[in-house]
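So the chains spell out like this:
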Amino acid sequence: MKIAKPAAIFSIILTLVSVFFIATKGLNLGLDFTGGISAELNYAKPVNQADVVKTLDQAGFKDAVVQTLGSSKDLLVRMPEQDVAVEDLSNAITKAAQLPNNAAEVSKVDAVGGQVGNELYLKSAGAVALALLIMLIYVTIRFEFKLAIGAVLSLFHDIIVTLGIFALMQWPFDLTVLAALLSIIGFSLNDNIVVSDRIRENFRKIRGAAPVEVVNIALTETLRRTIHTSMTLMLVVLAMMIVGGDGLKWFSIAMFIGIFVGTYSSIYIGTAYALWRGLNRHDFIVQVKPEFDEEEIQHSDIPK
């Protein structure tokens, strides 16, 4: 905790910079939120995704995103809205997706309008806000309000920083990234709960020590567990990032950022805020209050 103040200044600057990029550059919303077309293609032979993108582009279907569906013969194609009637989309995409000596068939076509995408975007923001509110209530009941506010601030910090990086780099923000944000909330909250539980335990069993000393002991005792958990999860995310293909690319990138930021914030935001608000042993000890004040009765006051 001796570097809590510099860490707090760094976090505030990082959050403000992230908010600035979100406000000025905005998120590069994917087709899930802006509306568009998704089609499932089945090829007779294995196919290269780049070849499919090229042939669709030549046919007039611009900015198509192609990803595999379990095998290199089954593909999911997503693209912006086209100037083609919905009932003609299947035939138009089938004709455009044909490759030399490799026939293609469209098994499914879905069109998402811009209004539906906007509604989905608003519901997604509401889901994140609701998750933060429920976390606040849970940690307040389970531990202490000061720790609860610190936990929610750290979760908010993790989300804003992740979104800020996506806005800065103009990486696509779609439903997979939203799923990563909700996963980051769960991961970061779990880390906060582990630390909060050890802080409460140490405040109850260690007497006469300053609050910052008790918190430092708790953080030291949980640090190895935190490092092991974060590193293990990062290895899984790196594996998804390298071999998971386009379908998991942005999910794994968002998770990688969130794991790093979430591990840092559970120590230097959640815990540091609670200490700044005056967290101490009395917050975890039940104070027994007498139901009434006993009065000393003199012998002379006893009625005869």
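Structure's up top.
These numbers were taken from a predicted model, which means no experiment stands behind them.

Asker: It is not clear to me how the environment of glycine 150 should be interpreted in this structure. Could you clarify?
Answerer: Structurally, the position occupied by glycine 150 is in helix H6 (residues 145–169). Setting aside residues up to four positions removed in sequence, glycine 150 forms contacts with Ile269, Gly270 and Tyr273.

Asker: For this particular structure, what's the right way to read the side chain of threonine 222?
Answerer: With respect to the helices and strands, threonine 222 occurs in helix H8 (residues 211–243). At a separation of 3.0 Å, a polar atom in the side chain of threonine 222 contacts the main-chain carbonyl oxygen of alanine 218. Among residues more than four places away in sequence, those in contact with threonine 222 are Val194, Val195 and Arg198.

Asker: Looking at this structure, how should I read the packing of helix H7 (residues 175–205) against H8?
Answerer: Put simply, H7 and H8 touch, their axes get as near as 9 Å, and they point 150° apart. For H7 against H8, the interelement crossing comes out right-handed. In the contact of H7 with H8, the residues fall into twelve nonpolar, six polar and four charged.

Asker: How should I be thinking about the packing of H8 against helix H9 (residues 246–276) in this particular structure?
Answerer: Packing of H8 against H9 leaves a shortest axis separation of 10 Å and a crossing angle of 180°. One finds that H8 runs roughly antiparallel with respect to H9. Looking at the contact of H8 with H9 residue by residue, the classes come out as 20 nonpolar, five polar and no charged.

Asker: Teacher, can you tell me more about the pairing of strand S4 (residues 74–79) here?
Answerer: S4 sits mainly inside the fold: five of its six residues count as buried. Direction of pairing for strand S2 (residues 36–43) relative to S4: antiparallel, over a ladder of six bridges. Bridge pairing in S4 links serine 38 to arginine 78. Pairing analysis gives four bridges linking strand S3 (residues 65–68) to S4, with the strands arranged antiparallel. Counterpart to valine 65 in the pairing with S4 is arginine 78. The turn linking S3 back onto S4 is made up of five residues, and glycine 70 within it adopts a positive phi angle of 90°.

Asker: In this structure, what is going on with the pattern of salt bridges? I would like to understand it.
Answerer: Side-chain pairs of opposite charge can arise whenever the charged atoms involved come near each other. As enumerated under the stated definition, the model contains seven salt bridges in all. One salt bridge in this structure joins aspartate 197 and arginine 200, with 2.9 Å as the shortest N-O distance. Here aspartate 197 and its partner arginine 200 are both found in helix H7, three residues apart, which amounts to about one turn of the helix. For aspartate 197, a relative accessible area of 31% corresponds to the partly exposed category. One salt bridge in this structure joins arginine 198 and glutamate 221, with 3.0 Å as the shortest N-O distance. With arginine 198 in helix H7 and glutamate 221 in helix H8, the pair connects residues that are 23 residues apart, well separated along the chain. Glutamate 221 sits in the partly exposed class, given a relative accessible area of 38%.

Asker: Quick question: what am I supposed to make of H9 here?
Answerer: Working note: α-helix, 3.6 residues per turn, so residues spaced by three or four point in the same direction. Between the first and last C-alpha of H9 there are 44 Å, a value that for 31 residues agrees with the 45 Å anticipated at 1.5 Å per step. By the largest-angle criterion, serine 265 marks the main kink of H9, which is about 45°. Here H9 lies mainly inside the structure; 23 of its 31 residues are buried.

Asker: Help me understand the layout of surface pockets in this model?
Answerer: Vacant regions in the atomic arrangement are exposed by a probe of water-molecule size rolled over the atoms. A volume near 430 Å³ is recorded for the largest pocket. Ala8, Ile12, Tyr268, Ile269 and Tyr273 are, among the 14 residues lining the largest pocket, the residues nearest its centre. Every element with two or more residues in the lining of the largest pocket is listed here: helix H1 (4–24), H6 and H9. With six residues, the top contributor of residues to the lining of the largest pocket is H1. Residue classes in the lining of the largest pocket are distributed as ten nonpolar, three polar and one charged. Around the second largest pocket, the lining comprises 16 residues; the ones closest to its centre are Val65, Arg78, Pro172, Asp174 and Trp250. Listing elements by their share of the lining of the second largest pocket, those giving two or more residues are strand S1 (28–29), S3 and H9. Here the element with the most residues in the lining of the second largest pocket is H9; it accounts for four residues. Looking at the lining of the second largest pocket, its residues break down into six nonpolar, five polar and five charged.

Reading the values: the criteria
- Residues numbered from 1 in each chain as written.
- Predicted model: local features only at pLDDT ≥ 70, side-chain atom pairs only at ≥ 80, totals over all residues.
- Heavy atoms only, no water.
- Helix = DSSP H or I, 4+ residues; strand = E, 2+ residues; numbered from the N terminus.
- Contact = heavy atoms within 4.5 Å.
- Polar contact = N/O pair within 3.5 Å; in protein donor to acceptor, adjacent residues only side chain to side chain.
- Axes fitted to C-alpha atoms, helices over the stretch in contact; angles between N-to-C directions.
- Left-handed = near helix turned anticlockwise from the far one by under 90°.
- Nonpolar A, V, L, I, M, F, W, Y, C, P; charged D, E, K, R; others polar.
- Parallel < 35°, antiparallel > 145°, perpendicular 65-115°, else oblique.
- Buried < 20%, exposed > 50% of the residue type's maximum accessible area, 1.4 Å probe, protein only.
- Pairing = 2+ DSSP bridges.
- Salt bridge = Lys/Arg side-chain N within 4 Å of Asp/Glu carboxyl O.
- Expected span 1.5 Å × (residues − 1).
- Bend = angle between axes of the 7 residues up to and from the residue.
- 1 Å grid on protein atoms, 1.4 Å probe; cavity = no way out; pocket = protein on both sides within 12 Å on 5 of 7 lines; lining within 4 Å.
- Points joined across faces, edges and corners; volume = space filled by probe spheres on them.

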